[in-house]
Amino acid sequence: ISAPLVVYNGAMVRAADSAQPLYSFPVPCDVMCRVIEIAEERGWYLQLYNDDRIVVSQVVEHTRADPDFRNAPCVEVGDLRRAALGPTPKLMTRAEPEEIVGRKALLQQLLGERLHLAASSPRLLEMMHKEVTKARSLARLCESLGLAPADVVACGDSDNDTEMLTWAGMGCCMYNGLDSVKEQCGYVCQNACSYGVLEVIERFF
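Sequence order sets the numbering: in each chain, residues are counted from 1 along the sequence as written. Local features are withheld for residues below a pLDDT of 70 in this predicted model, meaning they are given only at 70 or higher, and side-chain atom pairs are given and counted only at 80 or more; totals for whole chains, interfaces and linings count all residues. Calculation of side-chain values draws on the structure's entire complement of heavy atoms; hydrogens and water are dropped beforehand.

A separate point is the packing of aromatic side chains. Put simply, two rings from Phe, Tyr or Trp (the six-membered ring, in Trp's case) pair if the centres are within 6.5 Å, and we call them stacked under 30 degrees between planes, edge-to-face over 60, tilted for the rest. Overall, the coordinates contain 2 aromatic pairs when judged by the stated rule. With a centroid separation of 5.4 Å and an interplanar angle of 90°, the aromatic rings of Tyr187 and Phe204 are classed as edge-to-face. Of this pair, Tyr187 sits in strand 12 (residues 187-188) while Phe204 is found in helix 7 (residues 193-204), placing the two residues 17 residues apart along the sequence. The ring of Tyr175 has Lys182 lying over it, and the distance from NZ or CZ to the ring centre is 5.2 Å. In this structure, Arg203 packs its charged tip against the face of Phe204, placed 5.8 Å from the ring centre. We count a stretch as a helix when DSSP gives it H or I for four or more residues in a row; a strand needs E for two or more, and each element gets its number in order from the N terminus. Think of it as a cone above the ring: NZ of Lys or CZ of Arg counts as a charge over the ring if it is within 6 Å of the ring centre and within 35 degrees of the ring normal.

Written out as C-alpha cells, the structure is:
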C-alpha cells in the first residue's frame, strides 16, 4: 500500500511508506494535560497514542479489549500526570455505554470549545484537536490530489463516520453499522467489517 492514509480518526494524514505526516493535528499539550487530570480525578481509564505506540498508565482489560493492542506496541508509564508525554493525535476512554454518555457530557461542558469528541462505538469516547474530523481530513487530502467529493467512495459503520460518509460522493455503510448511519448512506453492504469493504471494492472498482 502506497496511498496516503487518514488515521487516528482524522488527526493525521500520512503516506503509507513514511513516518512523516502530510498533515498532523495533535491535541494541544495543555488540553491533553487537562483531560488527564479529569480522568485521574474520576478514576477513568485513559489511553493516548505517541509515535504509533499506545500509552497507558497500566495495561488493564480495557487496554486488551482495543484491537490496536494486537497491532501496536504499548507503553506503561505509571501516573500519566507525571509522565514525559509527547504530542498525541488522540486520547481515548473506555467504559459502559451509560458512563460514556456522562463522560462526553462532562468533557463537552469543560473542554467543548477545545476538543472534538467522537464515539467509534458505544463503549468508546475519542478526543481529538477541535478541528479534527474524518471528513475534514479526507477533504484536505482530496483537495491536495485534485479530487472532488463526487470522486470519493468512503466506508464506515459508526457515528464518527457519518460526516465523512455524507461528504463523499458515495458513502457505504457496513452491514454491522448503526441504523442511524445506514440511513445517511447511498449504499449498505450485505457483509460486515472488512468483508463489507471488500464488497465495496468489488462492486464499485
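Let us keep going from here.
Put simply, the grid is 1 Å and covers the protein atoms alone, a cavity is a trapped set of points that fit a 1.4 Å probe, a pocket is an open set with protein on both sides within 12 Å along at least five of seven lines, and lining residues have an atom within 4 Å of a point. Grid points are joined across faces, edges and corners, and a volume is the space filled by probe spheres set on the points. Here the second largest pocket is characterised by a volume of approximately 230 Å³. If you trace the second largest pocket, you find 13 residues lining it, with Met12, Asn50, Asp51, Asp52 and Pro87 closest to the centre. Residue assignment for the lining of the second largest pocket shows that the elements contributing at least two residues are strand 2 (12-15) and strand 3 (21-24). Taken together, the residues of the lining of the second largest pocket sort by class into 7 nonpolar, 3 polar and 3 charged. Polar here means any residue outside two lists: the nonpolar Ala, Val, Leu, Ile, Met, Phe, Trp, Tyr, Cys and Pro, and the charged Asp, Glu, Lys and Arg; Gly therefore counts as polar.

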